[in-house]
Amino acid sequence: MSNIVIFKNMPNDNEFIEWIDENPKGFVLNIHRRQDPSNIHESHPRIHFANCSQLNKKPGSSTTGDYFKVCSNSIEELEQWSWVKYQKGLNPCRICKEKGLPVEQLTGIQNFQVTSALSLKSDIYKLEKRLASEANSNKRTEIETLIKARLGQGRFRQKLLELYPNCPLTGLDVQSLLIASHIKPWSKCNNEERLDPSNGLMLAPHIDALFDSGLITFDTDGTIKIHPTIDPENQKRLGIAPDMKLKIRPESEKYFEYHRNHVFQKEE
Ligand SMILES: [Zn+2]
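In this text, all values refer to a predicted model and were calculated from it rather than measured experimentally. (Residues numbered from 1 in each chain as written. Predicted model: local features only at pLDDT ≥ 70, side-chain atom pairs only at ≥ 80, totals over all residues. Heavy atoms only, no water.)

Visitor: Would you take a moment to explain the overall build of the protein for this structure?
Guide: When helices and strands are counted, the protein shows nine helices and nine strands. Over its C-alpha atoms, taken along the principal directions, the protein stretches across nearly 60 × 45 × 30 Å. Counting over 268 residues, the protein shows a buried share of 45%. Here the protein has roughly 14,500 Å² of accessible surface; of this, 50% comes from carbon and sulfur atoms. Computed over 36 positive and 35 negative side-chain charges, the inter-centroid distance for the protein is 5 Å. (Helix = DSSP H or I, 4+ residues; strand = E, 2+ residues; numbered from the N terminus. Buried < 20%, exposed > 50% of the residue type's maximum accessible area, 1.4 Å probe, protein only. Areas by Shrake-Rupley, 256 points an atom, 1.4 Å probe, with all protein chains shown as cover. Lys, Arg positive; Asp, Glu negative; His and termini not counted. Charge placed at Lys NZ, Arg CZ, Asp CG, Glu CD.)

Structure (structure tokens):
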């Protein structure tokens, strides 16, 4: 499931250089092998665009030198990896940041969202394993905080499943596929709003993608509003139609209002 590739102690660096060539839009964590990012006082892993000039791509020194590389096409995946491995978020390279590295996706402490039931379970499992072997009390506290956050997300998901046993638009009721979607986006929420079941919906993955990216929203009476980018032909392909309606619970309306005004893409 994971698309993360780690290049460490290669006999040569060709595999890393090949990965870069094949994934020009990918991202690379450059981690010093003598600095241990799991030490609270050491720096956060640095993230670069795959094509960053700061990354050494000479055969014989990229991964066999002082640094090893963790690569993926997904920033979220790398950030999650860093959290599970080091209980730390990522630090963007200055040059890559100027070139548009989407740092707003690097959301910092505990701020990525675990949406699927599977990734949530494996996350908690890894953290608990780590906790069992950790003696340092500061680190234990950090790990316990992360576990609590995951459990909170698990309860959020569970409550949402009770409210929405299936996707209200498509009817999909395969629980492992349903995504616990926030109405007001996670990144804009305070901690209370993040775990408020009124701020959530269970959605089929493609509906979640539409809702999350602001290509659909819902009027006060619950009628779907579809962005013109999604023409009737594509509406059919996605299984949505302009006459679809959602039952908006009164306590959820303030979140839907936010979505309508700030997430739904403005029509040109
Ligand atoms: Zn860079």
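Resuming the write-up.
Visitor: Help me understand the pairing of strand 4 (residues 67-72) in this model?
Guide: Working note: regular strand, side chains alternate between the two faces of the sheet. When you tally the buried positions in strand 4, you get five out of six residues, the bulk of the element. One ladder, built from three bridges, connects strand 1 (residues 5-7) with strand 4; its direction is antiparallel. Residue pairing in the sheet places Phe-7 in a bridge with Lys-69 of strand 4. Pairing of strand 2 (residues 27-32) with strand 4 involves six bridges; the strand directions are antiparallel. Bridge pairing in strand 4 places Asn-30 opposite Lys-69. (Pairing = 2+ DSSP bridges.)

Visitor: Can you walk me through the pairing of strand 2 in this structure?
Guide: The element strand 2 is extensively covered by neighbouring structure, given that six of its six residues are classed as buried. On strand 2, burial covers both faces: Phe-27, Leu-29 and Ile-31 on one face and Val-28, Asn-30 and His-32 on the other are all buried.

Visitor: I would appreciate a short explanation of the coordination of the zinc ion in the present structure.
Guide: Angles between donor atoms at a metal ideally measure 109.5 degrees for a four-coordinate tetrahedral arrangement and either 90 or 180 degrees for a six-coordinate octahedral one. All of the protein donors around the zinc ion are His-48 (ND1), Cys-52 (SG), Cys-93 (SG) and Cys-96 (SG); their distances to the metal are 2.2 to 2.3 Å. Around the zinc ion sit four donor atoms, and with donor-metal-donor angles ranging over 97 to 127° the site reads as tetrahedral. Here the donor residues of the zinc ion share one chain and are spaced in sequence as H-x3-C-x40-C-x2-C. Of this pair, His-48 sits in strand 3 (residues 46-49) while Cys-93 sits in the loop between strand 5 (91-92) and helix 3 (94-98); the two residues are 45 residues apart in sequence, bridging distant segments of the chain. In this structure, His-48 and Cys-93 share a single accessibility class: buried. (Donors = N, O, S within 2.8 Å, 3.2 Å for Na, K, Ca; no water. Tetrahedral: all angles 85-135°; square planar, octahedral: opposite > 155°, others 65-115°.)

Visitor: I would appreciate a short explanation of a negative patch on the surface in the present structure.
Guide: A cluster of acidic side chains, namely Glu-15, Glu-18, Asp-21 and Glu-22, defines a negative patch on the protein surface. Within the fold, Glu-22 resides in helix 1 (residues 14-22). Given the relative accessible area of 59%, Glu-22 is considered exposed. (Patch = residues over 30% accessible without salt bridge, like charges linked within 9 Å, V, L, I, M, F, W, Y side chains within 5 Å. Salt bridge = Lys/Arg side-chain N within 4 Å of Asp/Glu carboxyl O.)

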